[in-house]
Amino acid sequence: MSAGAKTRPRPRHAAPTLELKVRNMSFLLERLGRDCAPDQFVRELTVNAVQAVQRVGGGIVVWDHEPVHSRRFGASKLCVMDTGVGMTGPEMVEYINHLASSGGVQADDGNFGVGAKIAAATRNPAGIVYLSWKRGKGAMVWLWRNPATGQYGLKPLGRGKGEDAYWAPVPASLKPALIGEHGTVVVLLGATESEDTTLPPDGATDDSSRSLWLTRYLNSRFFELPEGVELKAREQWGTPGSRVRPARGMKHFLDLVSHAGGRVRLPDATAHWWILPEEVPQELADRYPSSGHVGALFQGELYELYTGRAGTAKLQGFGIAVGHQRVVLYVEPRAMRRRRVVPNTARTALLVNGRPLPWDEWAERFRENLPAEILALMEEVADARSARDRTESFKQRMKGLANLLFIGGSGGENLRRLFALEAPPQSRNGKGGDDVAATLPAPDPAAERSRAPGADADSRSPGADDARPEPPRDGRKRGESDREAPLPELDLDRLLELEVVWVTEAECGAVERAARYIPETNTLLMNRDFRVFAGYIERWREKYAGNPAAQREVEDLVREWLEQPLRELVIRSHFLRGTPGWSDEHIRALLSDESLTAVSLPCYLTEMRLRAAVAQRLGKLRPAAA
Ligand SMILES: Nc1ncnc2c1ncn2[C@@H]1O[C@H](COP(=O)(O)OP(=O)(O)OP(=O)(O)O)[C@@H](O)[C@H]1O
Ligand SMILES: [Mg+2]
């Protein structure tokens, strides 16, 4: 309990302070324990073992079952063994039975002295048995929650006096073959003595598979292990194929399978990225998160891993609109003098100056610097070429009807909205008092890439290769004096620009919904597996069965006309944003997965339009028999 005294020596002449004391340690411990995920004890005990091994210059850490206690209690008991420095009996009484007591360096970026106690002790009230050898001598302690008093602490085991009553010498039968002169075994007894602790704990990140949960947890928690440390875990408990196999961390896996990888420097962090192959061998997929995901990297460990749907949403925010099933992104915050990066006490999250990680800021900077390989992947996944053609036909079609796009207000006002797109960046952020100026998403790499030459609405290089007259900066003047002037064509082009891509439902991320709009990149992801869309496409393709070329044509037309109402919804929503009754939240609802689905359900007009379009393009081709 002398952490304060250790790190901050008392000034010589200051009056002694009556140090704050803990009245109810067990309550505090359980409170802290509740901040930890159910499987976090695996991290804590692994890190303790790894650190112990590092203190002797390297060695082995193994997760396995412990035969002696398993036999004694008639239930499999999980343990972690290491060939590290080991502890004597009195050392265990000091380190294991004191909160904020550590054999390491206590610091924000070092040891807190709480890990094992809060994450492991509170999950194992029946007890955690520490067996440790140092200079060939073994000792044990039993940390438990006394069921009679509810107090956490050491069970009396020994015959010594005072604190020595709480440790005992270890019989030779308990020493595993792995350990020689020094090392430690930590046995987890669970909530009750009859609990099988080799099973994944309830609510663990991966509680589906008994056989691989430890391996998967270790691999996804550790990015890489320190030099000289070998980490292993038993797999397939209770089966003939059961064995102890290495868990090497994500870096090993990513380096092994990825097609491409690199780094993007962000202002206060580095984003490390990898592209996964289309198929990951099952052997590896069982043991590593092998679909796209996002995480934060700090001191060789992964925090805040976003996988599954949460991962999809994060990657889309980072500008990886499609292909995100194949992108892994770890952002490593850089600590600087005025920016402290520390894990929270429970080590479940990272904090920068006490605040959550700035994911949105990072995402924005990453979007602006998307690596070429990721852009290429997106093109590959989305078949961007024909989507580009459909965007062009849409633009041509709508330009003729530009006035129809406006919603309410006078023509002048609407013109001003369009001109606002051309305004310098300050007013585009709405800071110039022109809230309408913020109506369109900021320019982004995807739009830049697909924008027609000369159509760049940014005023970074005025008139560079662009002969159009500069639009007036003061929209109102123009709106009043020049009301009847034709709309500047290039503004309209920018307004109508929208990346539309057809992807699988998994890529889209919107399950059983028509589409998802990603405002960050101004991209509309059409879910090609959505039943309504799939039905249309199948029906029209069937009509031209036996003629693959016609099928391709007709499918392209179907997509074009299924996209139409969704494109219009997105584009016209810009005219509502910032007007009375339309908060950002309302706009989000307007462009939600469900809204996009609603717009896709009416069929009469779509079908009529489609028939006409097919007749026009494929008129001379006769549909098959039907
Ligand atoms: N396997 C082990 N081998 C040797 N010493 C150990 C082992 N496990 C724990 N210890 C000792 O017990 C101490 C307390 O461990 P605990 O996990 O509670 O805190 P910590 O590791 O110091 O800090 P943190 O809060 O960062 O985990 C460690 O600092 C270490 O000295
Ligand atoms: Mg620890």
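Residues numbered from 1 in each chain as written. Chains lettered and ligands numbered in written order. Predicted model: local features only at pLDDT ≥ 70, side-chain atom pairs only at ≥ 80, totals over all residues.

### Some details on the overall build of the protein
To keep things clear, this is the line we draw: Each helix is a run of H or I in the DSSP string that is no shorter than four residues. Each strand is a run of E no shorter than two, and both are numbered from the N terminus. Here exposure depends only on C-beta density: within 10 Å of a residue's C-beta, 20 or more other C-beta atoms make it buried, 12 or fewer make it exposed, and intermediate numbers make it partly exposed, the C-beta atoms being placed from the backbone.
Across its full length, the protein carries 25 helices and 20 strands. For the protein, buried positions account for 38% of its 626 residues.

### Thoughts on the nonpolar core
What counts is decided by this rule: Here, a nonpolar core means buried Ala, Val, Leu, Ile, Met, Phe, Trp, Tyr and Cys residues linked by C-beta atoms lying within 7 Å of one another.
Of all hydrophobic cores here, the largest spans 131 residues; its most connected members are Ile128, Val141, Leu329, Ala515 and Leu525. The leading source of residues in this core is helix H3 (residues 40-54), at eight residues.

### Some thoughts on the environment of Glu227
Mapped onto the elements, Glu227 comes out in the loop between helix H7 (213-221) and strand S8 (229-235). A residue is classified by how many C-beta atoms lie within 10 Å of it, and Glu227, with 8 of them, is exposed.

### With respect to the site of ligand 1
Inclusion rule: A molecule or strand has a residue near it when that residue's C-beta atom, placed from backbone coordinates, lies within 6 Å of it.
Contacts to ligand 1 come from 22 residues, most closely from Ala52, Tyr95, Ser102, Gly103 and Gly115. Among the secondary structure elements, those contributing two or more residues to the shell around ligand 1 are H3, helix H5 (89-96) and helix H6 (115-120). At four residues, H3 tops the list of elements feeding residues into the shell around ligand 1.

### Examining the confidence of the model for the protein
It should be kept in mind that the predicted coordinates are not to be read in detail where pLDDT is low. Which entries qualify depends on this criterion: Across the chain, each position has a pLDDT score giving the predictor's confidence in that residue, from 0 to 100.
Taken over all residues, the pLDDT of the protein has a mean of 82, while the share at 70 or more is 82%. Here helix H16 (residues 425-428) stands out as the least confident element of the protein, with mean pLDDT 34; strand S7 (residues 183-190) is the most confident, with 98.

### Side note on the environment of Ala506
Topologically, Ala506 is positioned in helix H20 (residues 505-508). Considered as a pair, Ala506 and Gly323 are 183 residues apart in the sequence and their alpha carbons are 9.8 Å apart.

### Brief notes about the sheet that holds strand S15 (residues 341-343)
To keep it simple, the criterion reads: DSSP calls a pair of strands paired once it identifies at least 2 bridges connecting them.
Spatial ordering of the open sheet is given by S15-S16-S17, a layout of three strands whose pairing is antiparallel. Each having just a single partner strand, S15 and strand S17 (355-356) make up the two edges of the open sheet. Across two bridges, strand S16 (residues 350-352) lies against S17 in antiparallel orientation. Looking at the pairing, Leu351 lines up with Pro356 of S17.

### A look at the packing of helix H22 (residues 548-573) against helix H25 (residues 604-618)
Selection criterion: Lines fitted to C-alpha atoms define the axes here, with helix axes fitted over just the stretch in contact, and angles between the N-to-C directions of these axes take values from 0 to 180 degrees. Here a crossing is taken to be left-handed if its near helix is turned anticlockwise relative to the far helix by less than a right angle, and right-handed if that turn runs clockwise. In this description, a residue-residue contact is defined by the distance between C-beta atoms placed from the backbone, which must lie within 7 Å. Residues are grouped as follows: Ala, Val, Leu, Ile, Met, Phe, Trp, Tyr, Cys and Pro are nonpolar; Asp, Glu, Lys and Arg are charged; all remaining types, including Gly, are polar.
Axis separation between H22 and H25 bottoms out at 10 Å; the angle between their running directions is 145 degrees. Viewed along their axes, H22 and H25 form a crossing whose handedness is right-handed. Contacts between H22 and H25 pair Ala550, Glu553, Val554, Leu557, Val558, Trp561 and Leu562 from the former with Thr606, Arg609, Leu610, Ala613, Val614, Arg617 and Leu618 from the latter. Of the residues in the contact of H22 with H25, the class split is ten nonpolar, one polar and three charged.

### Some points on the sheet that holds strand S11 (residues 269-275)
Taken together, the five strands give an open sheet; going across it, the order is S10-S11-S14-S12-S13, and neighbouring strands pair in mixed fashion. The open sheet terminates on both sides in strands that have one partner only, identified here as strand S10 (260-266) and strand S13 (301-306). Averaged over neighbouring strand pairs, the angle between their axes works out to 20 degrees when direction is ignored. Note that S10 and S11 share seven bridges and pair antiparallel. Bridging across to S11, Arg263 finds its partner in His272. Together, S10, S11 and strand S14 (327-333) form the strand contacts of helix H11 (residues 359-368), whose direction differs from that of S10 by roughly 115 degrees.

### Some points on H5
Heads up, the condition is: Directions pointing from the helix axis toward each C-beta atom define the arc.
Of the residues making up H5, those classed as buried are Gly89, Met92, Val93 and Ile96. All buried residues of H5 lie within an arc of 100 degrees about the axis, which places them on one face of the element. Residues of H5 that are buried make contact with strand S3 (127-134), strand S4 (137-145) and strand S5 (152-154).

### Quick look at unusual backbone geometry
Residues other than glycine seldom take positive phi values, yet Gln236 does so here, at roughly 55 degrees. Note that Gln236 resides in the loop between S8 and strand S9 (243-246). Judged by local crowding, Gln236 falls into the partly exposed class, with 15 C-beta atoms found within 10 Å. Although it is not a glycine, Gln299 adopts a positive phi angle of roughly 50 degrees.

### Remarks on the packing of H3 against H7
The condition that has to hold: In this scheme, roughly parallel covers angles under 35 degrees and roughly antiparallel covers those over 145, while 65 to 115 is roughly perpendicular and the rest are oblique.
Between H3 and H7, the least distance of the axes is 10 Å, while the angle of their chain directions is 70 degrees. In terms of axis orientation, H3 runs roughly perpendicular to H7. Our pair here, H3 against H7, has a crossing hand that is right-handed. For the pair formed by H3 and H7, the contact residues are Val42, Arg43 and Thr46 on the first element and Leu214, Tyr217, Leu218 and Arg221 on the second. For the contact of H3 with H7, the residue count by class is four nonpolar, one polar and two charged.

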